[in-house]
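Here is what each chain is made of, one letter per residue.
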Amino acid sequence: MLTKKLQPLQNFLSLISRRGSHLARQQYDVIVVGGGHAGTEAAAAATRVGAETLLVSQKIQTIGALSCNPSLGGVGKGQLVKEVDALDGLCGRAGDWAGIHFSILNRRKGPAVWGPRAQLDRQRYREFIQSELLSTPRLTVLEGSVEELLVSEPNPEEPGHHRVTGIRLANGSHLISASSVVLTTGTFLSGSLFLGQSMSPGGRIGDAPSSAGLSQTLRERLGLRIGRLRTGTPPRIVKDSVDLSLAHVHPPDSHPTPFSFLNTHTRCKPEEQLPCYLTYTTPGVERVVRESLHLNCHIQQDTKGPRYCPSIESRVLRFPGRQHQVWLEPEGVTSDLLYPQGLSMTMPPDVQLRLIREIPAMHRAEIHTPGYGVQYDFVCPTQLSPALQVKSTQGLFLAGQINGTTGYEEAAAQGLWAGANAARWALSMPPVALSRTESYIGVLIDDLVSRGVTEPYRMFTSRAEFRTSLRPDNADLRLTLKGFEEVGCVSTLRYQEAVRVRDSLQDALAALQALSLSTHNWRKKLPDMCMSEAKSTLLTGMDVLQYNDVSFEMLASAFPECLLPHMEFSQRLKIEAVYRPHCNLQKKEIERIQKEENMSLPQDIDYFSLPVSLSQEVREILDRVRPSTLGAATRLQGITPAAIVHLLNYVRHTGQKERRTHRNQPHQKKAREEELCGRNAALPQ
């Protein structure tokens with residue numbers, strides 16, 4: 001279904017600039033600040049729900065840009081891309097359009113933890129996202145910088161101490177009102193760039209720094225707890241200066257697997273895909289790192305960086321004497337640059353050149369753009385609700401790196417959910433949440449709002465308790481129907497396709513279940529199948545499909561009348577058969593957890609005067625985080641099982657009247673807030 005014809009980029013930019021310079025209105029339902037992966041998904045989702053939306057980006061040309069690695073997906077991350085696509089997001093279809101090297105990671109393990117991944121053409125990806133936004137109804141795009149949020153008194157009928165009513169642009173005179181605002185500032189929130197011993201304000205090299213007023217509003221006006229994180233990017237290498245014959249070639253999959261459930265193939269034909277290359281560091285790399293530490297102020301900072309994508313300096317210092325992988329990845333079909341994944345660095349440019357030339361394949365390499373580091377502010381995400389709304393501020397939603405995450409996929413997932421909920425808030429609809437039992441997006445958001453972060457958060461399959469149920473292949477069945485019927489962010493076209501798939505799969509599974517033969521007859525039908533002759537029970541087609549050496553194609557050949565019509569879903573049916581016993585075992589556990597998850601804790605509850613047996617430490621944790629459900633409370637560090645039992649009994653047996661009696665004692669609460677403010681300031685950020 002990749003038949004989309006992109007509009008010329010220059011036409012897009014001129015039209016957008018015109019729309020931005022002559023705003024047709026000064027009042028919007030939703031304003032999204034930032035045009036990265038979180039911002040674009042948030043803006044598109046808000047419009048799909050039905051909100052008049054304004055997207056504000058510092059530079060129109062960089063909307064949808066791949067700031068770091070030109071890739072999408074991977075283990076855990078690919079699951080997020082599939083789920084964003086199931087909810088009608090942009091990034092999956094953009095990946096199918098811009099991909100130039102597709103592969104499924106983790107194939108040696110079960111399909112539940114496969115990681116769909118693609119190398120992307122930077123220009124194609126950006127053009128696709130911009131073209132999609134241009135054709136999105138109810139969306140206006142404005143080039144500009146946001147100076148501060150407009151804040152007023154809260155609506156007394158809703159929880160919260162403040163209410164956001166719009167934004168003020170950096171020129172100081174332009175005010176734009178909105179019912180809700182989504183901040184997706186990425187690394188631009190009080191961002192600082194580091195290169196060698198130099199430091200300058202900014203969130204990305206080549207772009208102007210963001211206004212300091214926005215960070216000041218969050219910290220001082222809204223009283224939010226703010227932390228500091230860091231990240232980095234490697235130098236870009238001139239492709240013709242690299243001797244790729246000295247690296248190991250890694251070809252793509254022979255049959256590219258699309259991210260989007262709407263696509264049956266990718267834009268890039270199998271034979272047109274580009275390879276990646278693998279090489280390794282040498283002792284010379286470690287020597288250069290150690291000799292230049294005094295020239296590298298970024299690596300000397302205490303600010304936390306990404307654990308699972310560390311700089312080469314961090315790798316060398318943490319694992320001395322080891323050989324480290326370096327992947328040389330193409331940046332596009334016509335690009336003359338390579339991206340050296342694994343060589344993120346912040347040393348001076350001349351030292352970077354010395355370092356990369358210590359690797360045999362790059363002994364004559366030239367640097368096009370040096371690597372650099374970024375430090376930026378983030379908001380401690382335990383201050384958010386599962387809808388990604390700031391608990392203390394009505395109408396303010398946060399998504400992406402501002403919540404302490406790292407990665408395009410994590411940002412896109414948060415952006416979509418924050419944008420959908422911001423639209424629902426603006427249109428006076430109740431918020432919606434995703435449970436960790438039904439999606440990786442639910443796992444991501446629950447981890448953030450329940451546990452917070454002490455380092456940039458990255459998604460892994462190991463974070464999901466029910467990953468055999470939360471597979472890449474069934475994201476549409478899990479989320480598309482809910483996205484249409486409950487959230488309102490899914491188009492009718494996608495919904496109809498999901499219903500067709502669901503019904504067809506149910507028919508196919510019923511056909512398999514109806515095939516019931518003795519083991520003797522199964523061996524006659526499938527002579528190549530390894531089945532014990534000692535077995536004498538009746539087996540269904542579903543039972544037989546669980547065997548490793550049996551495919552759906554084999555069964556369809558043996559029973560063409562009833563199974564050939566379902567060949568479209570052969571792989572999905574095989575995966576479903578393999579995991580069905582595991583999923584059935586998990587079902588009761590999921591039902592138990594869902595009951596727990598759905599048991600709400602009042603947001604106005606005063607934990608310090610609660611008439612139950614809770615320690616002072618537990619009360620402080622609950623008051624600071626204010627979990628929205630009992631399930632969220634169970635995952636808070638420091639909350640004991642006994643405390644959960646007491647909370648459970650309280651929620652079950654105490655009426656709203658008694659809770660209201662205990663929730664407000666103003667003079668005591670003010671003293672406690674002043675005390676907690678001092679304690680929170682000492683907490684690790």
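The model shown is predicted, which means the values in this text are computed figures rather than measured ones.

## Brief notes about the sheet that holds strand S19 (residues 372–379)
- Ordered by their spatial adjacency, four strands build an open sheet running S11-S10-S19-S12, and the pairing between neighbours is antiparallel. In the strand order of this sheet, the two ends are held by strand S11 (198–201) and strand S12 (226–233), each with one partner. Direction aside, neighbouring strands of the sheet carry axes that sit 25° apart on average.

## Quick word on the pattern of salt bridges
- Tallying each qualifying case throughout the model produces 34 salt bridges.
- The partner of Arg436 in a salt bridge is Asp447, with the nearest N and O atoms 3.0 Å apart. With a gap of eleven residues between them, Arg436 in the loop between helix H10 (408–426) and helix H11 (440–451) and Asp447 in helix H11 connect regions that are remote in the sequence. Comparing Arg436 with Asp447, the two get one shared label, buried.
- When the shortest N-O distance is used, the salt bridge between Asp473 and Arg471 registers 2.8 Å. Like Asp473, the residue Arg471 is buried in the burial classification.

## Here's the deal with the nonpolar core
- With 108 residues, the main nonpolar core has Ile31, Leu149, Ile167, Leu183, Leu218 and Leu396 as its most contacted residues.
- Looking at which domains feed residues into this core, each of domain 1 (24–231 + 376–462) and domain 2 (236–373) gives three or more.
- Apart from the residues within four sequence positions on either side, Leu149 is in contact with Val164, Gly166, Ile167, Val181, Leu183, Leu214, Thr217, Leu218, Leu222 and Leu396.
- Within the second largest apolar cluster, 26 residues are counted, among which are Leu512, Met531, Leu563 and Ala577.

## Here's the deal with the packing of helix H2 (residues 37–49) against H10
- Where H2 meets H10, the axes come as close as 7 Å, and the angle between the chain directions of the two elements is 30°. Taken as axis vectors, H2 and H10 run roughly parallel relative to one another. Crossing hand, H2 versus H10: right-handed. The segment H2 lies against H10, with His37, Ala38, Glu41, Ala42, Ala45, Ala46, Arg48 and Val49 engaging Tyr408, Ala411, Ala412, Gly415, Leu416, Gly419, Ala420, Ala423 and Arg424.
- Here the residues of the contact of H2 with H10 sort into eleven nonpolar, three polar and three charged.

## Details of the domain arrangement of the protein
- According to the domain assignment, the protein contains domain 1 (24–231 + 376–462), domain 2 (236–373), domain 3 (510–585) and domain 4 (599–657).
- Using C-alpha coordinates to define each centre, domain 3 is positioned 49 Å away from domain 4.

## Digging into helix H6 (residues 212–221)
- Of the positions making up H6, those classed as buried are Gly213, Leu214, Ser215, Thr217 and Leu218.
- Of the surrounding elements, those touching the buried residues of H6 are strand S7 (146–152), strand S9 (175–183), S12, S19 and strand S21 (396–398).
- Gly223 lies just past H6 and shows a positive phi near 70°.

## Overview of the sheet that holds strand S15 (residues 276–280)
- As summarised here, the arrangement of the six strands in space is S14-S15-S16-S17-S13-S18, forming an open sheet in which the pairing is antiparallel. Looking at the sheet topology across the chains shown, the edges are occupied by strand S14 (248–250) and strand S18 (367–369). The sheet shows a mean angle of 35° between the axes of neighbouring strands, direction not considered.
- Here strand S13 (residues 236–238) pairs with S18 via two bridges, running antiparallel. The residue of S18 that forms the bridge with Ile237 is Ile367.

## Observations regarding the pairing of strand S8 (residues 162–169)
- Looking at chain direction, S7 and S8 are connected through six bridges and run antiparallel. When the sheet's bridge partners are listed, Leu150 is paired in S8 with Gly166.
- As judged from the two bridges shared by S8 and strand S20 (residues 393–394), these two strands associate in the parallel manner. Of the residues in S20, the one forming a bridge with Arg163 is Gln394.
- Where S8 and S9 come together, three bridges link them in antiparallel fashion. Note that in S9 the partner of Arg168 across the bridge is Leu175.

Parameters and conventions
All residue numbers refer to position in the chain's written sequence, counted from 1. Residues qualify for local features only when their pLDDT is at least 70, as the model is predicted, and side-chain atom pairs are given and counted only at 80 or more; totals for whole chains, interfaces and linings, by contrast, use all residues. To obtain the side-chain values, all non-hydrogen atoms of the structure were used and water was disregarded. At least two bridges found by DSSP between two strands is the condition for calling them paired. Under the scheme used here, helices are H or I runs from DSSP no shorter than 4 residues and strands are E runs no shorter than 2 residues, and both carry numbers assigned from the N terminus. Only C-alpha atoms enter the line fits that serve as axes; for helices the fit covers just the stretch in contact. Angles between N-to-C directions range over 0 to 180 degrees. Salt bridges are counted wherever a side-chain nitrogen of Lys or Arg sits within 4 Å of a carboxyl oxygen of Asp or Glu. To sort residues, take the accessible area from a 1.4 Å probe on protein chains only and compare it with the maximum for the residue type: under 20% means buried, over 50% means exposed, and anything in between is partly exposed. For this analysis, a nonpolar core means a set of buried residues of the types Ala, Val, Leu, Ile, Met, Phe, Trp, Tyr and Cys, connected via side-chain atoms within 4.5 Å. Here the limits of each domain have been adopted from an automatic or database domain assignment. Contact criterion: two residues are considered in contact whenever any of their non-hydrogen atoms come within 4.5 Å of each other. Oblique is the label for any angle not covered by the other classes, which are roughly parallel (under 35 degrees), roughly antiparallel (over 145) and roughly perpendicular (65 to 115). Whether a crossing is left-handed or right-handed is set by the direction in which the near helix is turned from the far one by less than a right angle, anticlockwise for left-handed and clockwise for right-handed. Just so you know the grouping, Ala, Val, Leu, Ile, Met, Phe, Trp, Tyr, Cys and Pro go in nonpolar, Asp, Glu, Lys and Arg go in charged, and all remaining residues, Gly too, go in polar.

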